[in-house]
Structure formats: C-alpha cells, structure tokens
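The residues making up each chain are set out below.
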Amino acid sequence: MGESAGTPAGLADRERAMRELTHHLGTGRLSLAEFDELSAAVAAATSKTQLAELFADLPGSTPPPAESTPVNPLPRLVVLAGAAVVFSVVLAVTTGNWLWLLVILAAPALFMFTARTT
C-alpha cells in the first residue's frame, strides 16, 4: 500500500487490531494463511484508515476503541504527604516548636479533601 492520509496508527491501535485478528482466528473466521497475511498488513499499517480497511470483510468491521483508564490520584497524594511530613519535621527541629508536627495530622485530611474536589 502507498502513502495514506489519515490519523497515524499507534502501537496501541496495532495491538488492538492484532487482538481482534486473533479473536477472528480463534472463532474460525480466518484461516492461518489469512491471519499471517493480515497480521503482516497490521504491522505495516501506518494509519488508522489502513487498519480499518483490513477489517472491512470481517464481522465487527473495525477493532473496538481503546478503553480509557482512570487516573489514580494515590501516587500524587503519597508524594505530597511525604513532603508534608519532611517539611513539618524540619520546621519542628529548626524552630524548636513541636506544634509544626501537627501539620503531619492535618496534611492527609487536606490532601484527601482536594483529591475529592478534582
């Protein structure tokens, strides 16, 4: 196939197309020779249009879109909580005032409140 216009196909698109081809092979819609030919075409495809053309004769026509994964705020909260602990201990030692250690208790509640609102 020649140069084709369209959205470039990424690795995730090719992997999704290969999973779909494997499914079609497993259900008997493709022979092993057809699977080999189509999998080589999937690897060579440079656009999503080319990938969609490969599935034109198969039921389901195109591979399903990728699932969106939710963002996990926990790593950010762990880093912020760790920074709050270090900050409060350093201030408590340098100023000689133990009340800075109360930040350790208040920081997780503050971080959890801000995580719920975002």
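Everything here concerns the structure above.
Residues numbered from 1 in each chain as written. Predicted model: local features only at pLDDT ≥ 70, side-chain atom pairs only at ≥ 80, totals over all residues. Heavy atoms only, no water.

(A) Quick peek at the overall build of the protein chain. Counting its secondary structure elements, the protein chain contains five helices and zero strands. The order of helices and strands in the protein chain, counted from the N terminus, is α-α-α-α-α. For the protein chain, with 118 residues in total, the buried portion stands at 24%. Partitioning the contacts of the protein chain with sequence separation of at least 6, the portion at a separation of at least 24 is 59%. Accessible surface for the protein chain amounts to roughly 8,200 Å². Of this, 68% is attributable to carbon and sulfur atoms. (Helix = DSSP H or I, 4+ residues; strand = E, 2+ residues; numbered from the N terminus. Buried < 20%, exposed > 50% of the residue type's maximum accessible area, 1.4 Å probe, protein only. Contact = heavy atoms within 4.5 Å. Areas by Shrake-Rupley, 256 points an atom, 1.4 Å probe, with all protein chains shown as cover.)

(B) Spotlight on the pattern of salt bridges. The final tally for this structure, using the stated rule, is two salt bridges. Measuring nitrogen to oxygen at the nearest pair gives 2.4 Å for the salt bridge that ties Asp 13 to Arg 16. A residue pair is termed a helical-turn pair when its members lie 3 or 4 positions apart in one helix, as Asp 13 and Arg 16 do in helix H1 (residues 11-26) at three residues. Here Asp 13 ties to Lys 48 by a salt bridge, and the two come within 3.9 Å at their closest N and O atoms. (Salt bridge = Lys/Arg side-chain N within 4 Å of Asp/Glu carboxyl O.)

(C) Expanded view of a nonpolar patch on the surface. On the surface, a cluster of nonpolar side chains totalling about 780 Å² of accessible area is made up of Val 85, Val 89, Val 93, Trp 98, Leu 99, Leu 101, Leu 102 and Leu 105. At the level of elements, helix H4 (74-95) and helix H5 (102-117) are the ones that each hand at least two residues to the nonpolar patch. Counting residues per element, the nonpolar patch draws most heavily on H4, which supplies three residues. Relative to the helices and strands, Leu 102 is located in helix H5. (Patch = residues over 30% accessible without salt bridge, like charges linked within 9 Å, V, L, I, M, F, W, Y side chains within 5 Å.)

(D) Spatial organisation of the environment of Met 18. Position of Met 18 among the secondary structure elements: in helix H1. Overall, the relative accessible area of 27% leaves Met 18 in the partly exposed class. In the structure, Met 18 is positioned 20 residues away from Leu 38 in sequence and 8.9 Å away in space, judged by C-alpha atoms. Once you skip the residues sitting within four places of it in the chain, Met 18 turns out to touch Phe 35, Ser 39 and Val 42.

(E) Here's a closer look at the environment of Val 103. Mapped onto the fold, Val 103 is located in helix H5. When the C-alpha positions of Val 103 and Ser 88 are compared, they lie 6.1 Å apart, and in sequence the two are 15 residues distant.

(F) Structural detail: the packing of H1 against helix H2 (residues 32-44). With their axes 10 Å apart at the nearest point, H1 and H2 run at an angle of 175° to one another. Regarding the angle of H1 to H2, the classification is roughly antiparallel. Side by side, H1 and H2 meet where Arg 14, Ala 17, Met 18, Leu 21, Thr 22 and Leu 25 of the first sit next to Leu 32, Phe 35, Leu 38, Ser 39, Val 42 and Ala 43 of the second. A class-by-class count of the residues in the contact of H1 with H2 yields nine nonpolar, two polar and one charged. (Axes fitted to C-alpha atoms, helices over the stretch in contact; angles between N-to-C directions. Parallel < 35°, antiparallel > 145°, perpendicular 65-115°, else oblique. Nonpolar A, V, L, I, M, F, W, Y, C, P; charged D, E, K, R; others polar.)

(G) The nonpolar core, seen in detail. Ranked by size, the top nonpolar core spans 12 residues in total: Ala 9, Ala 17, Leu 21, Leu 30, Phe 35, Leu 38, Val 42, Ala 45, Leu 51, Leu 54, Phe 55 and Leu 58. Mapped by element, the contributors of at least two residues to this core are H1, H2 and helix H3 (48-54). With three residues, the single largest contributor to this core is H2. Leaving out residues up to four positions away in the same chain, Ala 45 has contacts with Ala 9, Arg 14, Gln 50 and Leu 51. (Core = buried A, V, L, I, M, F, W, Y, C linked by side-chain atoms within 4.5 Å.)

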